[in-house]
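These are the residues of each chain, in order.
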Amino acid sequence: VEHTEYGSFGLVLNRPTTIPVSQVMSTLGVTWTGDPEAMVWTGGPVMPGTGWLLHEPTESPGGEDTVMITPDIVLSTSPERLKALAAWPPTNVRFLMGYSGWGASQLEGELATGSWILGDATSELVFGTPADEMWEATLRAIGVDPASLVQTSGVH
């Protein structure tokens, strides 16, 4: 989502929970009018009590509490925006709890050691691909056959 000289902020996209969004919203005093079957997703291990709404762009501008990730994917971060989107949720929306974070230069180091493979975030991947298929779909989108990867440790 964001990468600067001071660190990086990201969201895990393929870990659904069994907690209904409506349940979390009600504990916040917010009425969820979206899909009653919508579940909360784990956004990462950092501050699991924080909530984020990843969604398609809406007609009403979000202001400073909305971050454009791609032309088709937006992240809303404030309680006011959460309330507005809970009342009028877009078709493609995902509620995440927690986030992933890296300190200054940490992510660069992990990329240099091959801990991560970079791929494009697309609306189809984020909102239209089942969680258990995201990893493979991402690899295939960048031309990597998942069967060709070998898990090892140590020096290679």
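For the structure itself, look to the data block above.
If you're wondering where the values come from, they're calculated on a predicted model, not measured in any experiment.

## Some points on the environment of M47
So, step 1. Among the secondary structure elements, M47 is positioned in strand β5 (residues 46-55).
So, step 2. Counting along the chain gives 105 residues from M47 to T152, while the straight-line C-alpha distance between them is 30 Å.

## Some details on unusual backbone geometry
So, step 1. A positive phi angle, close to 45°, is found at M47, a residue other than glycine.
So, step 2. On the basis of relative accessibility, which here comes to 49%, the residue M47 falls in the partly exposed class.
So, step 3. Phi at S105 is positive, roughly 65°, even though this residue is not glycine.
So, step 4. Along the polypeptide, S105 turns up in the loop between β8 (93-103) and α3 (106-112).

## Description of the pattern of salt bridges
So, step 1. Enumeration over the complete set of coordinates arrives at two salt bridges.
So, step 2. E136 is the salt-bridge partner of R140, the closest N and O atoms lying 2.9 Å from each other. Remark: E136 and R140 occur in helix α5 (residues 131-141); sequence separation between them is four residues, near one turn of the helix.
So, step 3. Residue R140 pairs with D145 through a salt bridge whose shortest N-O separation is 3.7 Å.
So, step 4. Its relative accessible area of 46% is what places R140 among the partly exposed residues.
So, step 5. Overall, D145 belongs to the partly exposed group, its relative accessible area being 37%.
So, step 6. Among the ionic contacts, a cluster of salt bridges with common partners joins E136, R140 and D145.

Calculation notes
Residues numbered from 1 in each chain as written. Predicted model: local features only at pLDDT ≥ 70, side-chain atom pairs only at ≥ 80, totals over all residues. Heavy atoms only, no water. Helix = DSSP H or I, 4+ residues; strand = E, 2+ residues; numbered from the N terminus. Buried < 20%, exposed > 50% of the residue type's maximum accessible area, 1.4 Å probe, protein only. Salt bridge = Lys/Arg side-chain N within 4 Å of Asp/Glu carboxyl O.

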